[in-house]
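Below, each chain spelled out in residue letters.
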Amino acid sequence: MKRLVALFEAIDTTTSTKNKVTHLAEYFRAAPPADAIWTLYYFLGRKQKRLVKRKMIQEAVQELSGLPDWLFEESYSAVGDLAETIALLTETIGPKALSDVPLHIWVQDRLPSLSKLPDEAQKDRLKQWWRELSTEEVFILTKLLTGGFRSGVSERLVIRGLVEAFQWDEAVLSEKLIGDWPITDEWFLTLGSAQREGLSLYPYPFFLASPTDDDPGLLGDISEFAVEWKWDGIRSQIVKREGQVAIWSRGEELISQSFPELIAMAGTLPDGTVLDGEILAYEGDTARAFANLQKRLQRKKVSDKMVKDNPVVFFGFDCLQWAGLDLRDQTLKQRRETLDKAVREFAHPTLRASHLIHCQTWADLFELRKESRSRQVEGLMLKRWNSVYQMGRKKGDWWKWKIDPMTLDAVMLYAQAGHGKRANLYTDYTFGLWKDQTLVPFAKAYSGLSNEEINKLDAWIRKHTLERFGPVRSVMPLKVFEIAFEGIALSPRHKAGIAVRFPRILRERLDKKPEDADSLASAMELLNAPTVQS
Amino acid sequence: MSTVQPRVPLISVTPRGLYCARGDFYIDPWEGVDVALITHAHSDHAREGSRLYHITQPSLSIIKRRLGADGVYNTHIYGEPFTLGDVLVSFHPAGHILGSAQIRLECEGEVWVVSGDYKRDYDPTCMPFEVVPCDVFITESTFGLPVFVWKSIAEEAEAIYRWWQKNKDLGRNSILACYALGKSQRVLHALQEFTNQPVLLHGATQALVDLYREQGVPLIATEAAADYGKGTKGQLILAPPAAITSVWARKFGPFESGFASGWMRIRGNRRRKAYDQGFVISDHADWPALIQTVRETGAKKIYVTHGYTDELSRFLNEQGHSAEPLETLFAREEDA
Ligand SMILES: [Zn+2]
Ligand SMILES: [Zn+2]
């Protein structure tokens, strides 16, 4: 356990990617495989069950430290992280007798056994453990108990750490680590071997586009690129192997159950097929708002009515495997031909090939891009025709050329203390628009300001608080900010009657007084922007 | 028929700061006034523009440096009372930085103590905190939550030393962001136990280190960072937090950065500040020290200022004290 703590702290205390990889490599080389496999599991962000109730852990630490509920909550709101709050408060018991139990004993035996005990016995067991654990160990174990462990490094860095430790093949590794695998020391030791055994419905690692700014002309001649609209859907791979189908989101989450009609469609494809594309809410020939897709994702089980009311299609833009053949080393041009042929032959209403846009010059494309908003797309995708299908976000061949966001000037109404990275500071803000003589909250935003601006704003908020409700403060409606967002839709669940996507702060409008801020009516105008068929 | 006159509080909060009408003076006023009593030389407490300053003897050279040599300063020895109007005033050690004081006011048999910033931890660079029994205690609360518990300075100084040596082995410098007044000197004192390699100082820190040395505070050998150029390797360099992100730091690359602050107790702060390392060192009282101090003063009434005012006063009330937040203009201390 101490070795994992040391790794976690080492990663936490360096900002350099290279050092993080080195720390990971050192860890994997030194740790016994039985522990290493668990570290790998958690560092790859695998789903963890919550083993005990948060409330129970909280009560145990309060009993230990003699603190009232509200003071625990205040501490939590200052620290911004439950496990860390608990860990820090266990120090109130004074010096501890430290022991070192291996990680796999903790996660295979000790932690699961805790969840079988009655509440009071759970608390006693926790208090007993805490006396033998350093603050940092309490922190990590509490994270594991509550299912909230985050390593703070990307999947890619973890894989690079393994590669550096054992000189394993990166591509094979990343493929093996997708989907489910056994958490055993034997399996950890086989990670380096090249074959993959048995039936696999795993997707290929996704190739991701990099953002480009306003001059794609620098990328080369427009004829070198496949140009597509950037749809606001769910990027996914459909996998058909040995008679079975799986649909995976970009986050490598299995989303098959949300889209029964796509599963049925893919069942007709030949075995050994992987299509890459975008799932879109689509009716007739018109794309619909992302909210319609979300309804599908939120359900565990999707009813027939849900399928009928919220129709979707799969817009394929790439074919990664066809009839058992891995096509990823072919050029996009070749893969696209296979895709187009498949879509034609298997003519199915829910399977389409993405539209290719043909423009002679970048200038023409620039003009066309202005239609993005009315077409309900986020901009354009530019993919080099002669590129192979790579892994992850590799710059050079796939680009996304997004349109500028919509903006409104709004007044800050509430502030809430941030969590995690920005604990202890007021960093989450709610903004309002005018409706008659009052300000109606319309968006929450927490990104877009520099640390320095956040610090200043934090001090301002503390001095201009009107009321406090737990971690939230209402502030004097004096400050105007320009808020950017990607989309806007009607939403009866929100007070303002509208909901915006990806709201963020562009800047403070020091030149504007609160009365100069936008009204709900101007937001409604954005909503009524024409919707055009694609 | 006789009516009982409710007593007018000896100190009130005014737009210019804490004011004592019976003695016609302010304590740590935030703008220029006629007569100002200063608890210590940090810039949020000692501000320019007042006609006459009452300060402690050991803080004179520092305050002169910060507020100018031509101000009018009446200096006082710890514990020696003097009279202002109807009020008997005395300064008592606060254990915060060199020359820092609590201010005791006595008027018609009632005693008030204004703590200023204070700590109870070991710090041989200044006089240790003295418990001053009083009726009314105005306490700071910068770190007034139970998650703030300090380790010993020796433990953190050792961590700084190890970090420095690790970076040295890798051919890197270590730049430690450290409040120039008080904390830097405390670190330089504590490092003596681990090494006699000299530590490099940013110019702003250097000036204050010299003033500590003049008063006989023993510190590890130091040299001016300005005398070292590009290619410097394996050095520990102390600098004010603002300097680390400035061009000044660039010539010392490659380096790792560290920050010595009570806020580093919280992981989220460490990440947000983007320092490579955090060291939990503060010159303010931690939670146990705040509670202990309030208890030891025996005060019947406690006013809480400067930090987690609502939280600390609520807790004290639940513990059977009579406490109330005092809204002042002291901002959260980012570098504390
Ligand atoms: Zn201070
Ligand atoms: Zn202060």
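Everything here concerns the structure above.
Quick caveat, the model's predicted, so the values are computed rather than measured.

Scoring rules and cut-offs
Residues numbered from 1 in each chain as written. Chains lettered and ligands numbered in written order. Predicted model: local features only at pLDDT ≥ 70, side-chain atom pairs only at ≥ 80, totals over all residues. Heavy atoms only, no water. Helix = DSSP H or I, 4+ residues; strand = E, 2+ residues; numbered from the N terminus. Buried < 20%, exposed > 50% of the residue type's maximum accessible area, 1.4 Å probe, protein only. Contact = heavy atoms within 4.5 Å. Areas by Shrake-Rupley, 256 points an atom, 1.4 Å probe, with all protein chains shown as cover. Phe/Tyr/Trp six-rings, centres within 6.5 Å; stacked < 30°, edge-to-face > 60°. Donors = N, O, S within 2.8 Å, 3.2 Å for Na, K, Ca; no water. Tetrahedral: all angles 85-135°; square planar, octahedral: opposite > 155°, others 65-115°. Axes fitted to C-alpha atoms, helices over the stretch in contact; angles between N-to-C directions. Parallel < 35°, antiparallel > 145°, perpendicular 65-115°, else oblique. Left-handed = near helix turned anticlockwise from the far one by under 90°. Nonpolar A, V, L, I, M, F, W, Y, C, P; charged D, E, K, R; others polar. Buried area = accessible area lost by both parts, 1.4 Å probe. Salt bridge = Lys/Arg side-chain N within 4 Å of Asp/Glu carboxyl O. Polar contact = N/O pair within 3.5 Å; in protein donor to acceptor, adjacent residues only side chain to side chain. Pairing = 2+ DSSP bridges.

Our focus in this paragraph is the overall build of chain B. Counting secondary structure elements, chain B contains nine helices and 19 strands. Counting over 336 residues, chain B shows a buried share of 62%. Residue pairs in contact within chain B that sit at least 24 positions apart in sequence constitute 60% of those at least 6 positions apart. A total accessible area of about 13000 Å² is found for chain B, and carbon and sulfur atoms account for 51% of it.

Another aspect to go through is the packing of aromatic side chains. Per the stated rule, a full pass over the model turns up 45 aromatic pairs over all chains. Ring centres of A:Phe43 and A:Phe149 lie 5.8 Å apart, and the angle between their planes is 40 degrees; this geometry places the pair in the tilted category. Separated by 106 residues along the polypeptide, A:Phe43 in helix α3 (residues 33–43) and A:Phe149 in the loop between α9 (135–146) and α10 (155–166) bring together distant segments of the chain. A ring pair is formed by B:Tyr161 and B:Phe194, whose centres lie 6.0 Å apart and whose planes are at 20 degrees; its orientation type is stacked.

Residue and element names in this part refer to chain B. On the protein side, the zinc ion (ligand 1) has His-40 (NE2), His-42 (ND1), His-96 (NE2) and Asp-117 (OD) as donor atoms, found 2.2 Å from it. Coordination at the zinc ion (ligand 1) comes from four donor atoms whose angles at the metal span 89 to 167 degrees, giving a geometry best classed as irregular. Between the donor residues of the zinc ion (ligand 1), the gaps in sequence give the motif H-x1-H-x53-H-x20-D. Here the zinc ion (ligand 1) and the zinc ion (ligand 2) are spaced 3.6 Å apart, linked through Asp-117, which binds each one. Here His-42 is found in the loop between β4 (35–37) and β5 (52–56), whereas its partner Asp-117 is found in the loop between β10 (110–114) and β11 (136–141), with 75 residues between them in sequence. Looking at His-42, the relative accessible area reads 2%, which means it is buried. Taking the relative accessible area as the measure of exposure, Asp-117 reaches 0% and is therefore buried.

It is worth spelling out the packing of helix α5 (residues 69–79) of chain A against helix α9 (residues 309–318) of chain B at this point. The contact between α5(A) and α9(B) brings their axes to 11 Å, and the two run at 160 degrees. When the axis of α5(A) is compared with that of α9(B), the two are roughly antiparallel. Two packed elements cross with a definite hand, and for α5(A) against α9(B) that hand is left-handed. Every residue of α9(B) that contacts α5(A) at A:Trp70, A:Leu71 and A:Glu74 is listed here: B:Glu311, B:Arg314, B:Phe315 and B:Glu318. Residues of the contact of α5(A) with α9(B), tallied by class, amount to three nonpolar, no polar and four charged.

On the side of chain B, 27 residues touch chain A, which itself brings 34 residues to the contact. Buried surface at the junction of chain A and chain B, both sides included, amounts to about 2800 Å², of which 51% is carbon and sulfur. Where chain A touches chain B, the interface holds three salt bridges. Across the pair B:Arg265 and A:Glu91 runs a salt bridge, and its minimum N-O distance is 3.1 Å. For the interface between chain A and chain B, the tally reads five residue pairs in polar contact (both at pLDDT 80 or more). Mapped onto the side of chain A that touches chain B, the elements with two or more residues apiece are α1 (2–12), α5, α6 (82–89), α9 and α18 (451–463) of chain A. Broken down by element, the side of chain A that touches chain B gets its largest block of residues, six residues, from α5(A).

A separate point is the pairing of strand β6 (residues 273–283) of chain A. Residues and elements named next belong to chain A. Of all the 11 residues making up β6, 10 are buried; the element is thus mostly covered by neighbouring parts of the structure. Looking at chain direction, strand β4 (residues 234–241) and β6 are connected through seven bridges and run antiparallel. Residue pairing in the sheet places Arg-235 in a bridge with Glu-278 of β6. In this sheet, strand β8 (residues 312–322) lies alongside β6 in antiparallel orientation, the contact comprising eight bridges. Looking at β8, one finds that Gly-277 is bridged to Gly-316. Across two bridges, β6 lies against strand β7 (residues 286–287) in antiparallel orientation.

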